[in-house]
Amino acid sequence: MQNERIAPDQAQVLVEAVFRLSGISIAATKTDFLEHRINRLLRESGVESVTDFVEQLRTAPAGPAALRLVEALTTHTTSFFRERAHFDWMTTTGLPSVVAEGAGRHQPLTIWSAACSTGAELWTAGMVVDTFARTRNLRWDLVGTDVSQKILRKAAVATFDEDDILPIPDEMRRRYLLRSRTLAVGKQRYRIAPELRSHARLAWANLLDLPTGMALTADIAFLRNVLIYFEPDDQLRAAANVARRIRPGGYLLTGHSESLASPPPGMTPVSPSIYRKE
Ligand SMILES: C[S@@+](CC[C@H](N)C(=O)[O-])C[C@H]1O[C@@H](n2cnc3c(N)ncnc32)[C@H](O)[C@@H]1O
């Protein structure tokens, strides 16, 4: 089946819809990207044509087509121990500091991966916290949220390929991964061990409009490699929304290439990608 072309007015409807729903800003002129992603969406969802899809969006701006559009146009690139310096910082500085404020004893020490994608960031944090907590008798939780239901389902299954797990140190692989079934192509799959999975909760959340009923107060929140897709105002809005759910003395981590125009309210920068809540 040949890829269908997308007319400029259709591209405009698509990028406006995804911006309204998730804050992700995509230029309508990125036609190669749009055609590739939208044609895959049409094939997977059985919708006949771009015209039909755009019509579905027009008639139900927050309906199933809109959700599928966000799934199709979001980028989920992630990896274990991505931007490793943050995980080293957790062990040497972040975790001792939040524990000194009572985290893990008065209440569970909570790590939040606020745009968790397939969960590599969440599970990396889990390995680091468990390694730190096991000799200290601390209670701890992991929370992963994302705007894509499809990616959250993947995160919940928590299985990864041989190539995905390469950045994980050997000792952690032995402790936190279980060998899963062998794939037809001969590649081994690995699943996150139940000791980590039992600490984790996954939920749908849009960073620009966090559900008011979401019961969550984090000690360390990861907000990494998602702000780059937002316009500057929405970057500040998303960071403020996350910051509001961080405990005093807790931390917000942003991606190393994502600088905020100003620190989120109530937070002080301690390094270019680490903010502390007063
Ligand atoms: C590139 S991944 C980053 C994953 C991980 N934080 C990391 O640094 O490896 C970006 C994720 O942000 C999610 N996302 C995009 N817009 C969002 C929004 N408005 N609210 C919540 N998640 C969003 C996407 O679905 C995607 O899974």
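Residues numbered from 1 in each chain as written. Predicted model: local features only at pLDDT ≥ 70, side-chain atom pairs only at ≥ 80, totals over all residues. Heavy atoms only, no water.

Looking at an unreviewed UniProt entry, one finds the protein named protein-glutamate O-methyltransferase, with Pseudotabrizicola sediminis as its source organism.

## Thoughts on the pattern of salt bridges
With the rule as written, the count across this model stands at 10 salt bridges. With a closest N to O distance of 2.6 Å, Asp161 and Arg189 form a salt bridge. Here Arg189 lies in strand E5 (residues 188–192) and Asp161 lies in strand E3 (residues 159–161), a separation of 28 residues in the sequence. Where Asp234 meets Arg237, a salt bridge forms, and the shortest distance between an N and an O atom there is 3.3 Å. Of this pair, Asp234 and Arg237 both sit in helix H10 (residues 232–243), 3 residues apart, roughly one helical turn. Residue class for Asp234 comes out buried when judged on its relative accessible area of 9%. Through salt bridges that share partners, Glu83, Glu121 and Arg224 make up one connected network. (Salt bridge = Lys/Arg side-chain N within 4 Å of Asp/Glu carboxyl O. Helix = DSSP H or I, 4+ residues; strand = E, 2+ residues; numbered from the N terminus. Buried < 20%, exposed > 50% of the residue type's maximum accessible area, 1.4 Å probe, protein only.)

## Section: helix H2 (residues 31–45)
Helix length check: H2, at 15 residues, gives a terminal C-alpha distance of 20 Å against a target of 21 Å (1.5 Å per residue), a fit within 8%. By the burial criterion, the buried members of H2 are Leu34, Glu35, Arg37, Ile38, Asn39, Leu41 and Leu42. Where H2 is buried, its residues touch helix H1 (8–22), helix H3 (50–59) and helix H4 (64–73). (Expected span 1.5 Å × (residues − 1). Contact = heavy atoms within 4.5 Å.)

## A look at the packing of aromatic side chains
A full pass over the atoms with the stated rule returns 4 aromatic pairs. With centroids separated by 4.8 Å and ring planes inclined at 70 degrees, the aromatic side chains of Phe80 and Phe160 adopt a geometry described as edge-to-face. On the criterion of sequence distance, the pair formed by Phe80 in the loop between H4 and helix H5 (85–100) and Phe160 in strand E3 is long-range, its members being 80 residues apart. Judged by its relative accessible area of 2%, Phe80 is buried. With centroids separated by 4.9 Å and ring planes inclined at 80 degrees, the aromatic side chains of Trp89 and Tyr251 adopt a geometry described as edge-to-face. Residue Trp89 is found in helix H5, and its partner Tyr251 is found in strand E8 (residues 246–254); the two are separated by 162 residues along the sequence. On the basis of relative accessible area, Trp89 is assigned to the buried category, the value being 12%. (Phe/Tyr/Trp six-rings, centres within 6.5 Å; stacked < 30°, edge-to-face > 60°.)

## Concerning H1
Counted at 1.5 Å a residue, the expected span for H1 with its 15 residues is 21 Å, and the 21 Å between its end C-alpha atoms agrees. Among the residues of H1, those classed as buried are Gln10, Ala11, Val13, Leu14, Val15, Ala17, Val18 and Ser22. Next to the buried residues of H1 lie H2, H3 and H4. Gly23 sits one or two residues past H1 and shows a positive phi near 80 degrees.

## Observations concerning the side chain of Asp146
Topologically, Asp146 is positioned in strand E2 (residues 140–146). As a buried residue without a salt bridge, Asp146 has its nearest oppositely charged side chain in Arg82, at a separation of 10 Å. A distance of 2.9 Å separates the side chain of Asp146 from the backbone nitrogen of Ser148, its partner in a polar contact. Excluding anything up to four places from it in sequence, Asp146 contacts Ala115, Cys116, Ser117, Ile151, Leu152, Ala203, Trp204 and Ala205. (Lys, Arg positive; Asp, Glu negative; His and termini not counted. Polar contact = N/O pair within 3.5 Å; in protein donor to acceptor, adjacent residues only side chain to side chain.)

## Observations concerning the site of the ligand
Residues in contact with the ligand amount to 22 residues; listed here are only the nearest, Ser22, Thr78, Arg82, Asp146 and Asn225. Ser22 is positioned such that a nitrogen or oxygen atom in its backbone is 2.8 Å from a nitrogen atom of the ligand. A distance of 2.9 Å separates a nitrogen atom of the ligand from a polar atom in the backbone of Arg224. Alone, the ligand offers 610 Å² of accessible surface; in the complex the protein occludes 99% of this. Taken together, the residues that form the shell around the ligand break down as 8 nonpolar, 10 polar and 4 charged. (Near = heavy atom within 4 Å. Areas by Shrake-Rupley, 256 points an atom, 1.4 Å probe, with all protein chains shown as cover. Nonpolar A, V, L, I, M, F, W, Y, C, P; charged D, E, K, R; others polar.)

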